[in-house]
Amino acid sequence: MPFLGQDWRSPGWRWVKTEDGWKRCEPFSPALEGGNNQLNDISRTVIITGDDENEVYSTEDCEFAAKKRKKDHFRNNTDSQCFYREKWIYVHKESTRERHGYCTLGEAFNRLDFSSAIQDIRRFNYVVKLLQLIAKSQLTSLSGAAQKNYFNILDKIVQKVMEDQYNPRLIKDLLQDLSSTLCILIRGVGKSVLVGNINIWICRLETILLWQQQLKNLQMNKQVNNGLTLSDLPLHMLNNILYRFSDGWDIITLGQVTPTLYMLSEDRQLWKKLCQYHFAEKQFCRHLIPSEKGHIDWKLMYFALQKYYPIKEQYGDTLHFCRHCSILFWKDTGHPCTASDPNTCLMPVSPQHFIDLFKF
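Residues numbered from 1 in each chain as written. Predicted model: local features only at pLDDT ≥ 70, side-chain atom pairs only at ≥ 80, totals over all residues. Heavy atoms only, no water.

As recorded in an unreviewed UniProt entry, the chain goes by F-box only protein 25 and comes from Pardalotus punctatus. The Function (unreviewed entry) field of the UniProt record for the chain holds the comment "Substrate-recognition component of the SCF (SKP1-CUL1-F-box protein)-type E3 ubiquitin ligase complex. May play a role in accumulation of expanded polyglutamine (polyQ) protein huntingtin (HTT)." Per UniProt, the chain carries the Pathway (unreviewed entry) text "Protein modification; protein ubiquitination." (UniProt positions renumbered as here; feature names shortened; annotations may be inferred.)

Before going further, it helps to examine the pattern of salt bridges. Side chains that differ in charge, positive against negative, can pair when their charged atoms come close. Under the criterion given, the structure shown has 8 salt bridges. In this structure, Asp-177 and Lys-136 form a salt bridge, with 3.9 Å as the shortest nitrogen-oxygen distance. Pair noted here: Asp-177 is in helix H7 (residues 168–187) and Lys-136 is in helix H5 (residues 121–138), with a separation of 41 residues, a long-range link. For Lys-160, the salt bridge identified is with Asp-164, shortest N-O distance 3.2 Å. Of the two residues, Lys-160 and Asp-164 are both situated in helix H6 (residues 144–164); the distance of 4 residues between them amounts to about one turn of the helix. Among the residues examined, Asp-164 registers a relative accessible area of 47% and is labelled partly exposed. Within this structure, Asp-120, Arg-122, Arg-123 and Asp-317 form a network of salt bridges that share partners. (Salt bridge = Lys/Arg side-chain N within 4 Å of Asp/Glu carboxyl O. Helix = DSSP H or I, 4+ residues; strand = E, 2+ residues; numbered from the N terminus. Buried < 20%, exposed > 50% of the residue type's maximum accessible area, 1.4 Å probe, protein only.)

A word on the side chain of Ser-246. Relative to the helices and strands, Ser-246 resides in the loop between helix H9 (235–243) and helix H10 (248–255). Within polar-contact distance, the side chain of Ser-246 engages the side chain of Gln-314 at 3.2 Å. The contacts of Ser-246, once residues within four sequence positions are left out, are Leu-274, Tyr-277, His-278, Tyr-302 and Gln-314. (Polar contact = N/O pair within 3.5 Å; in protein donor to acceptor, adjacent residues only side chain to side chain. Contact = heavy atoms within 4.5 Å.)

On to the confidence of the model for the chain. Summary statistics for the chain give a mean pLDDT of 75 and a share of 70% for residues scoring 70 or more. No element of the chain has a lower mean pLDDT than strand S4 (residues 47–49), which averages 37, and none a higher one than helix H11 (residues 259–265), which averages 91. Contacts from residues 27–58, a stretch scored under 50 in pLDDT, to residues over four places away or in other chains number 33 contacts. Predicted confidence is poor over residues 76–83, with pLDDT under 50, and the contacts of this stretch with residues over four places away or in other chains come to 26 contacts. (pLDDT = per-residue confidence, 0-100.)

Take the nonpolar core next. The biggest cluster of nonpolar side chains holds 52 residues, and the ones touching the most others in it are Phe-114, Tyr-150, Leu-328 and Phe-354. Per-element tally for this core: the top contributor is H5, with 9 residues. Discounting residues that sit within four places of it in the chain, Phe-354 has contacts with Leu-105, Ala-108, Leu-112, Phe-114, Tyr-126, Leu-130, Leu-319, Leu-328 and Val-349. (Core = buried A, V, L, I, M, F, W, Y, C linked by side-chain atoms within 4.5 Å.)

Listed below in structure tokens is the structure:
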């Protein structure tokens, strides 16, 4: 019977007991498993074409070519999420007898299944914010494999926004920060640690500029609906919806839909509640902005305070950290916690906290 072991000798490998002892198996990959037969067929029929003659590989050369193709398949496969069975990762910052080395940001980024997370509307904003924080300060901390995974996930996010037209403003901010960071790193390539060939990063920067142009030209499809619409709701329900928004830009965007929503979005009490939710009273006193009538302009106050202080972040779902087991995971995927009551040791992890976990 096979067993899955993670220790200092070979973490993450699968072992099978045979007559000659325990032997290590190849890593599991559905894409590779389905392509094994094709790779073998190709390796048997590969022909090197010269100018005057055709040279056919020998049996040993074919076997060597097949192994090399399998290895290249792993290296070139940007969707590295299928490489791992577990959807959690043990966060350790020092070597122990059981675990050698320490967990890196790139390793965690590869292991936590962000490719699937962006398909969940509850996790989409969380992943985008995390990618934005990595783009601002931690891009050079990613390994080569993590960089591939990063841009693969980014590509999926852009395609999702182009198809579903979901929150393009958030993606525009991410691409703007990423392009600014890449411009600085490429100009100072001799002064900064940039993993990978400079030509690869230039191609990535060109791809980002192309994405920005596509999002700039994005046209919202007008949906035809003969049923009940947002404008048909009573005023008190529309006002209740606006009071549940935690982002000022979302309120402004919704206010551009109809004149009624615009009137509700300019309510002073609405912006006052928003300021009180995000900022402390001491911060109000430092940045008072009176209106022409002598009242406090809470709308301008919100955007002024936003420049100096961070706002509270809200997400439908976040990563969680088990303080008992030091395991990072998505809550609904579960984790092998050994505590008597696992719910007491769970702690939600914000995107910034995720970055801080891997600062040694």
